[in-house]
Each structure stands twice: as structure tokens, then as C-alpha cells.
Amino acid sequence: MTTDTAPARFKPYTRQTISQARQWQWMPADLQEAVQVVSHVLPFRANEYVMEQLIDWSNIPDDPIYRLVFPHRDMLHAGEYETLRDLVLFKKDDAAIAKAVHAIRMRMNPHPAGQMTHNVPRVNDAPLKGLQHKYKETVLFFPSSGQTCHAYCTFCFRWPQFVGMDDMKFDARETTELVAYLKTHQDVTDVLITGGDPLIMNTRSLTEFIEPLLAPELAHIQNIRLGTKSVAYWPQRFVSDKDSDDLLRLFERVVKAGKNLAIMGHYSHAVELRNEMAQRAVKRIVSTGATLRMQGPLIRHINEDPRSWAELWTTGVRLGAIPYYMFVERDTGPSEYFSLPLARAHEIFQAAYQMVSGLSRTVRGPSMSAFPGKVVIDGVVSINGEKLFALQFLQARNPDWVRKPFFARFDPDATWLDHLVPAFGKQKFFFESDEDDGHHPLAAKVIPISVAQRAQGKSCDNAHTAA
Ligand SMILES: *Cc1c(COP(=O)(O)O)cnc(C)c1O
Ligand code: SF4
């Protein structure tokens, strides 16, 4: 199944070009139609490697990577699909299509967890484009030239502005601002470069972002992290691209400068680590002294089988990677299609965790990246006859909240933190007592921004970093 004949050069397929792929002929008409229609709303991008090596075409549409990459009609409500289908296939009225698409997207909660209005740092009153600072020790950086990916995940809600952004040029001002901000924030130890996917950039561009972080004034920056799905969608990035070797040399330089270069690899399914190209990518990354952590969201129709997680983690560990987070699919995009009840998410996590040795149990989850922080479901317990979820923060807007157990009433249908009700008849969770963000340690930097052109990129963090 996984002979290593992947093409050397990256070539994406989009809605406009997918019918030229040889696999297109293997798709029944109704699946082709769904791709043509639904991709107006949800992002669609595939590439040769994903289609040749990861998708089992004898098993579509149920194949997990097919579900992950190809839009499906059930990702929209039935009425929405009918309306859009009629507009796209028959009326072909661009203005009406745009209007319908916009309405569906607004219904899909495109900017969850306060990302549009919070966490954006400012210097001299001006919001810093492409930065997000939510947790004390880590600053997120979204270079504008990294706002696309080697393929798109259908669960990852993105606005179509990304289309045509592949050629975005390196913007030196972005690093200047980042460095200026970091210099005045000595408590920041981690910079997480994310997107989209920063490894969509060539090594030269990436170097221009990373090298300034090695400056002596930034000695407090200990960890440079790169959030990326390329390890799964285009492992050639580390093995056989024109500048792969240069990329590995860059990793070595960072390590030599005394920092940890952490690749935060987004993996969704065991199949993504089965073939030789993907395994070589892991080995090449860790051979530079960089670390590779594995994280990804738990998604209905894609990775509900605990055995897939156990295989992913154990294969990763064998190759030198470190299992890190299992996320709960967040409340955005076609979440009705992809989300799982929290109770189920915990069962899947626990089952997978029970299958692996301690070396894979560095993984934590299932974790929700919600407005107050990253909340993990530790389990289901009964106290005084009340069935409860036991929860805690792994990360929080207020560091004092971290690792304090708390309880919510068990709810078999809840899929997100805001569906939960405090246990023991309490009115509020302990972290809800701060009425506003005035108590937030970063409150001074938390400001509303009206047109966050860049915020759309942040919705993708549900996978890479889960903002
Ligand atoms: C997850 C996340 C981080 C990193 O958190 P770690 O637990 O240190 O991996 C940083 N910023 C945001 C906004 C995040 O969501
Ligand atoms: S989840 Fe990551 S790889 Fe997938 S589309 Fe979003 S940003 Fe890209």
C-alpha cells in the first residue's frame, strides 16, 4: 500500500484543479458533486502525496484521510447543501453563491474562544499583527507567509482569504515587531511559530524569522516551536525537497545556539506514520537535535478508534517523537459533523492510553482549548451520588488556575466546556468569578480588534496549537 514512490515536487490540488487528478475518476458522481459544492464553504486542498500514499481509495468515503481532506455533503445541513448545490451547479450566480456561503459560515461560529477580541498584544496602543499572547510563557507568531498548508483539513475552519496567499512574501517588519515585543517580555520562554503551516515557507524565509530569535538579547527564549502538519501531509519537506537539507541545518543551528527547537507535529491518524517517507521525516528531524512532539484533535469519522491513537503514539515513540496533546475538536466549522461528546472523548483517550507503555503516556487529553484555558477531562466520578466530570486546567489565562481539580455535572451529550454546569449546585465555576479580564495577568495587552485580518489563521490552531 505504501510503496515509496511519492513525487519529488509539491503540487497542490484545489477545487479548480482536482478533476485533473487521476483519482478523481475513482470517485462516484455524488462524492464529486459534494466536493464541488461544499468546498465553496470549507477549505479544500489536497496534494499528490496525500492522495497516493494516505488515502485508501477502495474505502472512500469512509477512509479517514479522505474524510479529513475531502469535503462531504453531511458537513452542511441538508437545506444548506440543497440551496448551495442549486446555486453552484445550475444558477451559477456568483453573487448569490457568495451570499449563501457567507451565511453558512456565520452559522459555523468562525471565530471561537475570543480569538478575534483577545490575546492580541499591543505596543504603544497598536495591536501587533500576527502575534497572540494568551499564556504567560508562550507567544504565538503567525507569519503572513505561512498562512496556508500542504493540504487542508475539512474540520479546520478557514476563511477563503487564504486562497492566493501561497506567494505571500516574507515581511521583515513582522520579525522586527516580534523581537521588539519579546525583548520587553522577559517572562516569555517559548515562541510558537504557527499558521496555517510555517513549513509551507522555504528554508530561506523561515531562517529570516528564526535567526533573529537567537540574538543574545533574547536569551530568555528557550524554546522555539514550529507548529506544522507537514510531517503528515508533506514529509518530503524534511527529506527530499530542494532545501530539506538546509532546513535540517537550520534546526541544527538553533540547537547549537543552546535552544530547543520543538516541532509540534500535527498527526491525525496512524496511517500518517505508516509509510517510509513519513518515518524518515521523523528520524531526520530528531537527528538534528530538535524534538518532535505529536498532537492532534480527536475527530468523529476520522480517529475515533483508540487503536489508531495507540499505534500513532507507539510508532512515534519508536522513531524518537514525544506524544503531547489529544485535543477535543473545538466548537467551530462543521463541528456537528466532527464533534464527539466529552464523555466519549475521555473513553477513547483512556482506552488508547491503557494500550501503551509509559513512554507514550507523556500525552495529555482530551483537552479543550477554551476561552479560559486548556481544560482536560480527567474522568467521570461519583461523589455523594452525583455523577461528575473531573476536570482541570493544563494551561490557563490565569496561571493560578492550572492543576486545580474542579467538577462539572456529568452530561453525556456535552461536547464543549460551555455546555457544562458546575457540580454540587454551584452557580459558577471557580474561574468564572473574575467578572472581567481585569484580573488577567496579561489584561493590559488584551484588547478588542475589529478587523483582525489575521485571526482567520488562528482558527487552525485547534490542531497545531489549539489557541
Ligand atoms: C496551547 C497553546 C499554547 C502552548 O501551550 P503549551 O501547553 O505550553 O503547549 C500557547 N498559546 C496558546 C494560545 C495555546 O492555545
Ligand atoms: S488543521 Fe492545520 S494543516 Fe489542517 S488546515 Fe488547519 S492549519 Fe492546515
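Up top you'll find the structure we're talking about.
Read on for a plain summary of the structure. Keep in mind the model is a prediction, meaning the values are calculated, not measured.

### A closer look at the packing of helix H11 (residues 276-287) against helix H12 (residues 306-319)
Then comes step 1: Relative orientation of the contacting elements H11 and H12 amounts to 45 degrees, with a least axis distance of 9 Å. Overall, the two elements H11 and H12 adopt an arrangement that is oblique. The two elements H11 and H12 cross, and the hand of that crossing is right-handed. On the side of H11, the interface is formed by Gln279, Val282, Lys283 and Val286, while H12 contributes Thr315, Arg318 and Leu319.

### A short note on the nonpolar core
Then comes step 1: Counting residues in hydrophobic clusters, the biggest one holds 105 residues, and the most contacted among them are Phe70, Leu84 and Phe251.
Then comes step 2: Taken domain by domain, this core gets at least three of its residues from each of domain 1 (12-107) and domain 2 (122-463).
Then comes step 3: Ignoring anything within four residues of it in the chain, the contact list for Leu84 reads Val37, His40, Val41, Leu76, Ile97, Ala100, Val101 and Ile104.
Then comes step 4: Counting residues in hydrophobic clusters, the runner-up holds 20 residues, among them Val375, Ala396, Trp416 and Leu420.

### Regarding the pairing of strand S6 (residues 138-141)
Then comes step 1: Burial of the side chains of S6 extends over both faces: Thr138 and Leu140 are buried on one face and Val139 and Phe141 on the other.
Then comes step 2: Two strands pair when backbone bridges link them, and strand S5 (residues 131-135) and S6 are joined in this way by three bridges, in the antiparallel orientation. Bridging across to S6, Tyr135 finds its partner in Thr138.
Then comes step 3: From the end of S5 to the start of S6, which pair antiparallel, there are two residues.
Then comes step 4: In this structure, S6 lies alongside strand S7 (residues 190-193), joined through four bridges in parallel fashion. Of the residues in S7, the one forming a bridge with Leu140 is Leu192.

What counts and how
Residues numbered from 1 in each chain as written. Chains lettered and ligands numbered in written order. Predicted model: local features only at pLDDT ≥ 70, side-chain atom pairs only at ≥ 80, totals over all residues. Heavy atoms only, no water. Axes fitted to C-alpha atoms, helices over the stretch in contact; angles between N-to-C directions. Helix = DSSP H or I, 4+ residues; strand = E, 2+ residues; numbered from the N terminus. Parallel < 35°, antiparallel > 145°, perpendicular 65-115°, else oblique. Left-handed = near helix turned anticlockwise from the far one by under 90°. Contact = heavy atoms within 4.5 Å. Core = buried A, V, L, I, M, F, W, Y, C linked by side-chain atoms within 4.5 Å. Buried < 20%, exposed > 50% of the residue type's maximum accessible area, 1.4 Å probe, protein only. Domains from an automatic or database assignment. Pairing = 2+ DSSP bridges.

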